[in-house]
Amino acid sequence: MMRLLTVLLMGLTLVSAPVHAQNGPLRLELDEGIIEPLPFAVPRFVPDGPSASQYATDISRVVAADLTGTGLFREISSDAFISQVNSFDAPVQFADWKAINAEALVTGAVNLSGNRLTVRFRVWDVFSGQELGNGLQFAGTTEGWRRMAHKVADQVYSRVTGEGGYFDSRVAFVSESGPKDQRRKRLAIMDYDGANVQYLTDSASIVLAPRFSPSGDRLLYTSYETGQPRIYVLDVARVRRQELNTLDGTMSFSPRFSPDGRSIVYSLTQGGNTDLWKMDIASGQSVRLTNTPAIETAPSYAPDGIQIVFESDRSGTPQLYIMPANGGEATRISFGQGRYGTPVWSPRGDLIAFTKQNKGRFHIGVMRVDGSEERLLTASFLDEGPTWSPNGRVIMFTRETQGASGRSTLYSVDISGRNLKPVRTPDGGSDPSWGPLQN
Amino acid sequence: MNLLSKVAAVGALALIAACTNSDPSNLDGGSGLGPDGQLLQGSPSDPRSPAYFQQTVGDRVLFAVDQSTLTPEAQIILQGQADWLLANPDFVATIEGHADEQGTREYNLALGAQRANSARDFLISRGVAGTRLNTVSYGKERPIEICSTEECYSKNRRAVTVLTGSTLG
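Before going into details, it helps to say that this report is about the structure given with it. (Residues numbered from 1 in each chain as written. Chains lettered and ligands numbered in written order. Predicted model: local features only at pLDDT ≥ 70, side-chain atom pairs only at ≥ 80, totals over all residues. Heavy atoms only, no water.)

1. Observations concerning the overall build of chain B
Here's step 1: When its secondary structure is counted, chain B shows 5 helices and 6 strands.
Here's step 2: Beginning at the N terminus, the succession of helices and strands in chain B can be written as α-β-β-α-β-α-β-α-β-α-β.
Here's step 3: Expressed as a percentage of its 169 residues, the buried residues of chain B come to 50%.
Here's step 4: Contacts in chain B between residues far apart in sequence, at least 24 positions, make up 65% of those at least 6 positions apart.
Here's step 5: Looking at chain B as shown, the accessible area adds up to about 7,300 Å², and 58% of this sits on carbon and sulfur atoms. (Helix = DSSP H or I, 4+ residues; strand = E, 2+ residues; numbered from the N terminus. Buried < 20%, exposed > 50% of the residue type's maximum accessible area, 1.4 Å probe, protein only. Contact = heavy atoms within 4.5 Å. Areas by Shrake-Rupley, 256 points an atom, 1.4 Å probe, with all protein chains shown as cover.)

2. Overview of the sheet that holds strand 10 (residues 169–177) of chain A
Residue and element names in this part refer to chain A.
Here's step 1: Ordered in space as 12-11-10-33, the 4 strands form an open sheet in which the pairing is antiparallel. Two strands lie at the open edges of the sheet, namely strand 12 (198–199) and strand 33 (428–437), each paired on one side alone.
Here's step 2: Two strands pair when backbone bridges link them, and strand 11 (residues 184–191) and strand 12 are joined in this way by 2 bridges, in the antiparallel orientation. Bridged to Ala188 within strand 12 is Tyr199. (Pairing = 2+ DSSP bridges.)

3. Here we look at the side chain of Ser252 of chain A
Here's step 1: Position of Ser252 of chain A relative to the elements: it lies in strand 17 (residues 251–257).
Here's step 2: Setting aside its immediate chain neighbours within four residues, Ser252 of chain A contacts Thr222, Pro229, Arg230, Ile231, Thr246, Tyr266, Ser267 and Leu268 of chain A.

4. Regarding empty space enclosed by the protein
Here's step 1: Summed over the entire model, instances satisfying the criterion amount to 4 cavities of 30 Å³ or more.
Here's step 2: Mapped onto the lining of the largest cavity, the elements with two or more residues apiece are strand 30 (394–400) of chain A together with helix 5 (150–156) of chain B.
Here's step 3: Here the lining of the largest cavity is composed, by residue class, of 6 nonpolar, 3 polar and 12 charged.
Here's step 4: When its volume is computed, the second largest cavity comes out at roughly 50 Å³.
Here's step 5: Lining the second largest cavity are Glu311, Pro318, Arg339, Tyr340, Gly341, Thr355 and Gln357 of chain A together with Gly103, Thr104 and Tyr107 of chain B.
Here's step 6: The element best represented in the lining of the second largest cavity is strand 25 (residues 339–345) of chain A, accounting for 3 residues.
Here's step 7: Across the lining of the second largest cavity, the residue classes tally to 3 nonpolar, 5 polar and 2 charged. (1 Å grid on protein atoms, 1.4 Å probe; cavity = no way out; pocket = protein on both sides within 12 Å on 5 of 7 lines; lining within 4 Å. Points joined across faces, edges and corners; volume = space filled by probe spheres on them. Nonpolar A, V, L, I, M, F, W, Y, C, P; charged D, E, K, R; others polar.)

Rendered as structure tokens:
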């Protein structure tokens, strides 16, 4: 029996051990366009006693939901199972799983000792009868059970696809309630799948557009706390916020972290004109990056920090431009019909997601960084504000419905354009920012 | 948050709620709430009252899609505002810039600021002291009309001059 690698979850702090997937023949190539989802089975993880029973059920369900939710995998119902898995260490009856066409099988066990939960799992390539990668275990307190399930699912995803997962990640967003003309907005954070919503501000002031720091420890956002839009930074763990010392102007907004987390790029409005500036967080020193009478906003760093993509209406309509991270000449990259906004560089560096308005409709789309190969992924009355999953495979965005009863909802879509679906939140939601994979 | 700001928040919500339900025809005489939530003082028949400014002079100007340039109609209204502010030097004002929902959030915030500033620049060019005129942009966060047709959108693309104080009280 192979030794299990152990990863400890200490409360909400995780210590991770590197796991190198040893890829067997089972492999889902994401770039080849997945037409038929890969069938898999997750028999209920084996609890080591009655007290672990509910956790075993819940964890197996979250693992299956994570995989199914990608649109790349299809779960085979337990009703079809021929074999039951009653012992984690017993040999797998591959013939029984082959017979129901399960290509991947995830087996697991859950141990509860006091408040401490341990989850062990293995991923199997049913047709070759081989294990995919090594068995692994996660341990932590019971309140971290969902994260353990997400970590198991991330392992399955990355072993089968060869790419990083995105399930153990969080999303910051603006929770919205009330009609359009009396909308109340609160900053909130949740698991990527809409679970564990936590509110970070009350609705006394309008709050807009939170953005995660690269490590996920802080959020930048814009609030009307002083009466004018100003930029704040919030320590996520302590839920403590402070106003950033941006330059004087009527307002500062649209902040984004640099990839090293030490500086921000933001919009500053002076005398009605909005330009981009960069601020070193430690020193509070701001440097101007653009200087035009047009609107410059919605900046986003390339993952290597060398360039910034942003939105400007210097040509007469809002379009996308790329400039060096310290300012300088900007190159227009959007040339299709319509207006382009909110560019966001993908974490893989290869694509830029954007909002496009054309002929009264809104779209979320992607293009290569030179503006070529534009593809629209969605179309509706109002789609806006894309944010990338940590692995660059999925985009989350805001969809607002029209009219007096219009409501904002978070949606996600695969960059193939498939698997469009709402992300369930207790109230309406807007302005998502997808954080990094947690450690 | 402290109690004071909670009270202020509740007050602000009450103000917004009241303004949605208010019919401008009910505002004659006394004080009431304007469409953008500002307190209207005095009688609209008193040329020195904020109610007169709001209803007779006209407190708002509208803009074309994506534009912040002042139309001839807007310039006539702003000329009236300038005349009124010059005749009533104890008042100060905040000009609120707004956009309709057909645009992205941050772009609209910048656009609202451009619109508020266009109105402010015009008032200053007609002699109103800049120190009496603040601006704030709400982007698409505070529409006054919530239907999704051009008729509503055109009313939302606005700069509203809100009288915020008078040393006369």
